[in-house]
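# Commentary on secondary and tertiary structure
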Amino acid sequence: MSVVVAALMVFGLTSAFAPAAMGADAVPAPSASGSPLGADTVPTTDALPGADAVPGADAVPGADALPGGDAVPGADAVTSADAIPGTDAATSRSLKGHIDLGAAGHPATAGDVTITLFGWIGADQNEWIHYTQEWHPDAAGDFTLALGQFDYVILQYDYTGTGNFASAYSGEFLPWTPGGNPGGYHLTKPVTTVQTVLAVGGSITGTVLSTGLAAGTVLTASALPSEGTPRTPRFSRAVVQSDHSYLLTGLPAGTYSVEITSTSPNRASFDQSVGGTAAHPEGVSKTLAAGGQVAFPPYTMTLEGQVSGHVDCGLDCLEDKRSAVSLQAFDPPTSTWLTQAAGPLLTITGSEKITFTFTGLLPGTYRVAVDYLGDNNYGDLVTEPFDLRAGDSKQLSLALVRNAIPAPGVPSSVSSFITALYVDFLNRRPSSGEVAFWGAQLANGAPRSAVAAGFVNSDEYRMIRIDAAYTTVLKRTSDPGGRVTWLTEMQAGRITTDDIERTFYASDEYFLQQGGTRTSWAAGLYKALLGRTGGSAEYAFWAELAAQHGRPWVVSQFWDSTETISSRVSAMYMSYLGRQPDTGGLATWVGVALALGADQQRRVLRAVGAALPAVARAHASRVSGGAAASEAGSCRFVGSGCSEPDEHL
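Okay, the overall build of the protein next. A tally of regular secondary structure across the protein gives 15 helices and 31 strands. By the burial criterion, 48% of the 649 residues in the protein qualify as buried. Considering only intrachain contacts with a sequence separation of at least 6, the fraction spanning at least 24 residues in the protein is 70%. With an accessible surface of roughly 28200 Å², the protein has 54% of that area assigned to carbon and sulfur atoms.

The following block contains the structure:
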C-alpha cells in the first residue's frame, strides 16, 4: 500500500467483527446474461431500475460483507455479540418496519435483504454493540424485530440479491445524545413502523494491467469512499477478470477512488490506487451520481519500490528528536516536489547514525530531505534527485554537515577546517577567538597537518580519550588519580591512548566483568573488538594462549589484527570523510594504523580529508553509493568552501 493512502478507511466498519452468514456464499451469483442497468428489457412495467442481474462474469458485485467496528464513524467503541439479550422478557421492545427496493411500492423479499442491528450501551461503556442475529423481510417487504431491552438502536440493511441496490445503515454511529441520532431509533418513544428504501446502486468500471507481477497473481478492485460519501455495510469489491476489466456495484451516490490489491502465493499482498503516481499515490477520484455509472482510467499495477538508509551526524543531532527525514516525489505537471512521508528515525545502538525506511513506492523521481531541528550546529540536507523503477530498492548513506564558526578575516574554507578539528577531536565547537587564532597560524604558513597534530597532542584531547577509554572498556567514569597518571605518561611520550585501552582490556577489572574465566574473557574480546561472536573452539583457543602468554599478549593480537583495524578505519572514514573506505584505501590505512597508531592515523586522515576538493565532498555527503560517492569524502561543514571547486576545507 502506498505511503499516503495506507491509513484510508473503507466503507464504515473494519475487521473488529463480521455479521454472521454474510459472506460471499450467502450471495446468489449474478447471471452473466443479465441486461445492463436501466435497460429497456426490464420484464414488466412494475420492475425497478437496478433489479436486473448484474453482468460481470465471475465477479460478485457487493458480495463481501464489510467486517468490523473500530472504523464506525464517530463511535467511541464498537463490539459484536451473537444474541440479543432480554428478548424473552415481557418488557422486550420490538420494532416493525417495511423495506422497498429503489422506490416505494417495490417491496424487498427474504432473499433480497438481511437485517441486523446495533444497540447503544451507555453508562460506563459508551459503545455500539453489533448483534449478528439476522432478520429478513417477508414477501410483502415487512419485518418485525425483537430488540430486548435496548433504548437506542441503528439498523443495518445488507442487500444480498442479484440486482444493484446500495446497502445502508439507518443512522450515523455517533455517541448517543439526549436529542437522538439521525436515523437511529429511540425505543422509549412510540416507534411503530419504519419505512426504508434501499437506493438503486451506482457502479464503477475500469481496466487493470500488470507488469512484473508473479504468475498466479490475483488482482482485486475495491471502491473507496471519500470524506462525506455515505458508508455502507457492503464493501464493493470484485476480482479483475481475464479481460482485465472490473465492475463495482451497489454504491450510493458520492465520490470514490479505486484501490487494486495484488495477491500472489509467494509475495505479501499490496495495494495501489488507480491513477496513482509517485507524487500522488492516492490516485484519482470520481463523483458517482445516484444509480449512475463512472469509468476509471486504465491502470497498470507494478511492483513497489523502497528507499532506506542512514544519516551520520553525531550524537548531538540524535538527541530530543532534533532531526527529521522526509521523502519527496517530483510532480511533473506542476514541476514541484511533494512530501510523501516523514520517516520514523531509528537510532543504531552504539552508533552516531539514524536509519530510515520508506516502502510501498511507485516508480518515479524522488529525493530525501533531512531537516535539523535543533540549534545552528548543522545545516539541512537534500539529496540529488534519483529515479526509482518498479521493484527497486535504493540505499542511501547521508551525512549532515555542521555550520562552521566564522571569525573576522578568516576565509570560510579555513573556518570550516578549524571547526571540523574542534568537533572531531575535542567534541565541541570553537569560539570565534579560537578560529581566529588557528586561522592566523595557517595564514602564517603552518601546514594543516601540523595544526591537526597540535589537536592530537593537546591535553584536552588526551583527557577526552582517557575518559573515553574508561567509559568504553570498563563501563565507568574515570577516577581523578587515574586520569592524572595516564595524562602524565602521555605527556612524557611513554604511552598512547591505544596503550590505555589495551591495558584496560587486559586488566583484572575487565576480566572479572566478563565472567572471570579465560574463556568468557575471550568471548568479551570478540564482542568488543571484532563486533561479533566467535565459536566455542575459538574461545578455547584464545583462552589457552592467555594461559601461556598472558592477557596483554592476547589483547595485542586482537588489537593489531586486520579485522579490528579495518573496523576502526571504517569508523574514521565515516567520521572524517563521510563515506565508507574503498578497498585500496582501507588496505593503505590499515598499514598506517599499524605503523603510527590510532591517534596519529586520525591526525593524518583528518588532514587528508581537509585536502579533498570541497565540491566532491559535499556531493558525497548528500548521496553515498554512486560513483562520486566512492571517490570523494564529506564536506563536513557548511561554508563557501562547500560550494566552490577551488577551495578546500
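Of all 9 residues in strand E5 (residues 127-135), 7 are buried, a share of seventy percent or more. The pairing of strand E4 (residues 113-121) with E5 spans 6 bridges and is antiparallel. The residue of E5 that forms the bridge with Ile115 is Trp135.

This part takes up the pairing of strand E11 (residues 202-211). Two elements, E11 and strand E15 (residues 245-251), share 5 bridges in a ladder whose sense is antiparallel. Looking across to E15, one finds that Thr207 is bridged to Ser245. By the bridge criterion, 3 bridges tie E11 to strand E19 (residues 293-295) in an arrangement that is parallel. Each residue of the ladder has a partner; that of Ser203, found in E19, is Gln293. Inspection of the sheet shows E11 paired to strand E20 (residues 299-302) by 4 bridges, in the parallel sense. Paired with Ser210 across the strands is Met301, a residue of E20.

Each aromatic ring pair is described using two quantities: the centre-to-centre distance and the angle formed by the ring planes. Evaluation of the coordinates by the stated rule reveals 21 aromatic pairs. Ring geometry for Phe118 against Tyr169: centres 6.1 Å apart, planes inclined by 70°, an arrangement best described as edge-to-face. A residue pair is termed long-range when its members are at least 10 positions apart, and Phe118 in strand E4 and Tyr169 in strand E8 (residues 168-169) qualify at 51 residues. The two residues Phe118 and Tyr169 agree in class, both being buried. Where Tyr422 meets Phe455, the ring centres are 4.9 Å apart and the plane angle is 85°; that geometry is what we call edge-to-face. Here Phe455 lies in helix H3 (residues 448-456) and Tyr422 lies in helix H1 (residues 412-426), a separation of 33 residues in the sequence. In this structure, Tyr422 and Phe455 share a single accessibility class: buried. By way of ring pairs, the aromatic residues Tyr422, Phe425, Phe437, Trp438, Phe455 and Tyr461 are connected into one cluster. The positively charged end of Arg551 is found above the aromatic ring belonging to Phe511, 4.4 Å away from the centroid.

Along the polypeptide, Leu400 turns up in the loop between strand E29 (393-399) and strand E30 (402-403). Residues Leu400 and Val311 lie 89 residues apart in sequence; the distance between their C-alpha atoms is 7.0 Å.

Within the largest apolar cluster, 46 residues are counted, with the highest numbers of intra-cluster contacts made by Ile204 and Tyr246. Discounting chain neighbours no more than four positions away, the residues touching Tyr246 are Ile204, Thr205, Gly206, Thr207, Val208, Ala221, Val240, Val258, Ile260, Val274 and Phe296. Counting residues in each nonpolar core, the second largest holds 30 residues, with Met463, Leu487, Trp521 and Trp559 among its members.

When pLDDT is averaged along the protein, the result is 76, and 70% of the positions lie at 70 or above. Per-element averaging of pLDDT across the protein places helix H15 (residues 627-631) at the bottom with 28 and E19 at the top with 97. In this model residues 1-78 is a low-confidence stretch, pLDDT under 50, and it forms 185 contacts with partners more than four residues away in sequence or in other chains. Below pLDDT 50 for its whole length, residues 608-649 participates in 118 contacts with residues either more than four positions away or in separate chains.

The next point concerns helix H2 (residues 432-443). A rise of 1.5 Å per residue sets the reference length of H2, with its 12 residues, at 16 Å; its end C-alpha atoms lie 16 Å apart and thus fit the reference within 8%. For H2, the elements touching its buried residues are H1 and H3.

What follows concerns the pattern of salt bridges. Under the criterion given, the structure shown has 13 salt bridges. Of the charged contacts, one joins Asp467 and Arg483 as a salt bridge, the two residues approaching to 2.8 Å between their closest N and O atoms. One end of the pair, Asp467, is in helix H4 (residues 459-474); the other, Arg483, is in helix H5 (residues 480-491), and 16 residues separate them in sequence. Classification of Asp467 by relative accessible area gives partly exposed; the value is 24%. Assessed through its relative accessible area of 26%, Arg483 is described here as partly exposed. A salt bridge links Glu509 to Arg476; the shortest N-O distance between them is 2.6 Å. Of this pair, Glu509 sits in helix H7 (residues 508-513) while Arg476 sits in the loop between H4 and H5, placing them 33 residues apart in sequence.

This part takes up unusual backbone geometry. The backbone of Asn427 sits at a positive phi, close to 60°, despite the residue not being glycine. Along the chain, Asn427 falls in the loop between H1 and H2. Classification of Asn427 as exposed rests on a relative accessible area of 59%.

Turning our eyes to something else, we now look at the environment of Ala238. Topologically, Ala238 is positioned in strand E14 (residues 237-239). The spatial distance from the C-alpha of Ala238 to the C-alpha of Ser222 is 6.6 Å, given a sequence separation of 16 residues.

A separate point is the environment of Leu361. Counting through the fold element by element, Leu361 comes out in strand E25 (residues 353-361). Expressed as a C-alpha distance, the spacing of Leu361 and Ala279, which sit 82 residues apart in the sequence, is 9.7 Å.

Another point: the side chain of Ser236. Among the structural elements, Ser236 can be located in the loop between strand E13 (234-235) and E14. According to the relative accessible area criterion, Ser236 is buried, its value standing at 1%. Within the structure, the side chain of Ser236 is placed 2.8 Å from the backbone oxygen of Thr249, a separation counted as a polar contact.

Here is what the cut-offs are and how they apply
- Residues numbered from 1 in each chain as written.
- Predicted model: local features only at pLDDT ≥ 70, side-chain atom pairs only at ≥ 80, totals over all residues.
- Heavy atoms only, no water.
- Helix = DSSP H or I, 4+ residues; strand = E, 2+ residues; numbered from the N terminus.
- Buried < 20%, exposed > 50% of the residue type's maximum accessible area, 1.4 Å probe, protein only.
- Contact = heavy atoms within 4.5 Å.
- Areas by Shrake-Rupley, 256 points an atom, 1.4 Å probe, with all protein chains shown as cover.
- Pairing = 2+ DSSP bridges.
- Phe/Tyr/Trp six-rings, centres within 6.5 Å; stacked < 30°, edge-to-face > 60°.
- Lys NZ or Arg CZ within 6 Å of the ring centre and 35° of its normal.
- Core = buried A, V, L, I, M, F, W, Y, C linked by side-chain atoms within 4.5 Å.
- pLDDT = per-residue confidence, 0-100.
- Expected span 1.5 Å × (residues − 1).
- Salt bridge = Lys/Arg side-chain N within 4 Å of Asp/Glu carboxyl O.
- Polar contact = N/O pair within 3.5 Å; in protein donor to acceptor, adjacent residues only side chain to side chain.

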